[in-house]
Amino acid sequence: MSGGDGLRAPTTADGHELEGRVAIVTGGASGMGLATVHALARRGATVAVFDLAAPGRAELASTLGVPADRIRSVAVDVTHGEQVDQAFAALLEERSRLDILVNAAGIAPSTTFEDITENEWNRVLAVNVHGTFLCCRRALPAMRNGGWGRIVNFSSTAGKTISTAGGAHYTTAKHGVLGLTRHLAKSSGPDGVTVNAVCPGLIDTPMARGLLPEGSLDRVTRSFPVPRVGQPWEVAELVAFLASDRAAYITGAAVDINGGDLIV
Ligand code: NAD
């Protein structure tokens, strides 16, 4: 809460603003998810990485330069309801609370529409949308219990227009993430839980490098108003802000972070 005069922010980014908070970051082993783990742990949160291949906790902590006791690492396929349920249950049993959920797990094949098989279509929707649904479904009751919560879902510029390099399934999925985000924001606000999405443009991660031919990430982004590729930490800083007390009045938003590639 503010100082009462409406002028002073409740906390500042002084390195402790998420002290005592417990967070889950899906897709936290790579790219923007990994940068988000760093941003949250650096502010004092205990952060559980839920990813397909769980990186070692000590190794992760040393890579990120944060204390190992702030990191958990669990192998979870977010499309798998039972695995998601078990991972949430184990964390809740250990910590008895959950404050922050960041759904960053995603895949983005670039297959042209005519060549997308039903299996591939289903998998892209499963990871990006169904996985987000499964995790939100588990997180919300715990957040409501605590009277405070922050959910940040990874959509994309593809969720507002069409994907630069991903296929029609990816564009469809990222639009779906925005629909889910908006719906949950409406129903969760009275419980102290905000639900927002971030919509990154082209960000320098293994996903983006894998989607575009060598060298083209830098070439394409040179024509953007901010003429360069975005960095994972820049998105992570936005996520950390949305996950803080300072963002209590932001919910249902789909925040662009794209160097001006899409101005709407
Ligand atoms: P990344 O490939 O570096 O990381 C994605 C992570 O998700 C990986 O660690 C991967 O193992 C994990 N993952 C994939 N399927 C999973 C599953 N079934 N269960 C659990 N984990 C799974 O990608 P990134 O670029 O950091 O992307 C993060 C998010 O941002 C994604 O949702 C992506 O769609 C979105 N996004 C990326 C860009 C970009 O330019 N890189 C732009 C807009 C949006």
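Shown above is the structure to which this text applies.
Quick look at the structure, then. Note that the structure is predicted; figures quoted are calculated from it, not measured.

## Remarks on the packing of aromatic side chains
One pass over the structure, following the stated rule, counts one aromatic pair. Note on Phe-50 and Phe-88: the rings are 5.6 Å apart at their centroids and 85° apart in plane angle, and the pair reads as edge-to-face. Remark: Phe-88 occurs in helix H3 (residues 81-95) and Phe-50 occurs in strand E2 (residues 46-51); sequence separation between them is 38 residues. An identical accessibility class is assigned to Phe-50 and Phe-88; each is buried. Sitting over the face of the ring of Trp-148, Arg-21 holds its NZ or CZ atom 3.5 Å from the ring centroid.

## Some details on the site of the ligand
Taken together, 28 residues lie around the ligand, and Ser-30, Met-32, Asp-51, Tyr-170 and Thr-205 are the ones closest in. Within the backbone of Met-32, an N or O atom sits 2.8 Å from an oxygen atom of the ligand. Here an oxygen atom of the ligand sits 2.6 Å away from a polar atom, N or O, in the side chain of Tyr-170. Protein contacts shield 91% of the accessible area of the ligand, which totals 830 Å² for the unbound molecule. Comparing atom positions with the cavity grids shows the ligand to sit within the largest pocket. Counting only elements with at least two residues in the shell around the ligand, the list comes to helix H1 (31-42), helix H4 (118-146), helix H5 (168-188) and helix H6 (206-211). Element by element, the count of residues in the shell around the ligand is highest for H6, at three residues. The residue makeup of the shell around the ligand, split by class, is 16 nonpolar, eight polar and four charged.

## Concerning unusual backbone geometry
For Ser-96, which is not a glycine, the phi torsion comes out positive at approximately 60°. With respect to the secondary-structure elements, Ser-96 resides in the loop between H3 and strand E4 (100-103). Residue classification places Ser-96 among the exposed residues on the basis of a relative accessible area of 63%.

## Details of the nonpolar core
Soluble globular proteins: nonpolar side chains tend toward being buried together. Counting 34 residues, the largest nonpolar core has Leu-40, Val-47, Ile-100, Val-102 and Phe-154 as the members making the most contacts within it. Breaking this core down by element, the ones donating at least two residues are strand E1 (22-26), H1, E2, helix H2 (57-64), E4, strand E5 (149-154) and helix H8 (232-242). By residue number, the principal contributor to this core is H1, which donates seven residues. Apart from the residues lying within four places of it in its own chain, the contact partners of Phe-154 are Met-32, Thr-36, Val-102, Asn-103, Ala-104, Lys-174, Val-177, Val-198, Pro-200, Val-235 and Val-239.

Rules used in this analysis
Residues numbered from 1 in each chain as written. Predicted model: local features only at pLDDT ≥ 70, side-chain atom pairs only at ≥ 80, totals over all residues. Heavy atoms only, no water. Phe/Tyr/Trp six-rings, centres within 6.5 Å; stacked < 30°, edge-to-face > 60°. Helix = DSSP H or I, 4+ residues; strand = E, 2+ residues; numbered from the N terminus. Buried < 20%, exposed > 50% of the residue type's maximum accessible area, 1.4 Å probe, protein only. Lys NZ or Arg CZ within 6 Å of the ring centre and 35° of its normal. Near = heavy atom within 4 Å. Polar contact = N/O pair within 3.5 Å; in protein donor to acceptor, adjacent residues only side chain to side chain. Areas by Shrake-Rupley, 256 points an atom, 1.4 Å probe, with all protein chains shown as cover. 1 Å grid on protein atoms, 1.4 Å probe; cavity = no way out; pocket = protein on both sides within 12 Å on 5 of 7 lines; lining within 4 Å. Sits in = over half its atoms within 2 Å of the grid points. Nonpolar A, V, L, I, M, F, W, Y, C, P; charged D, E, K, R; others polar. Core = buried A, V, L, I, M, F, W, Y, C linked by side-chain atoms within 4.5 Å. Contact = heavy atoms within 4.5 Å.

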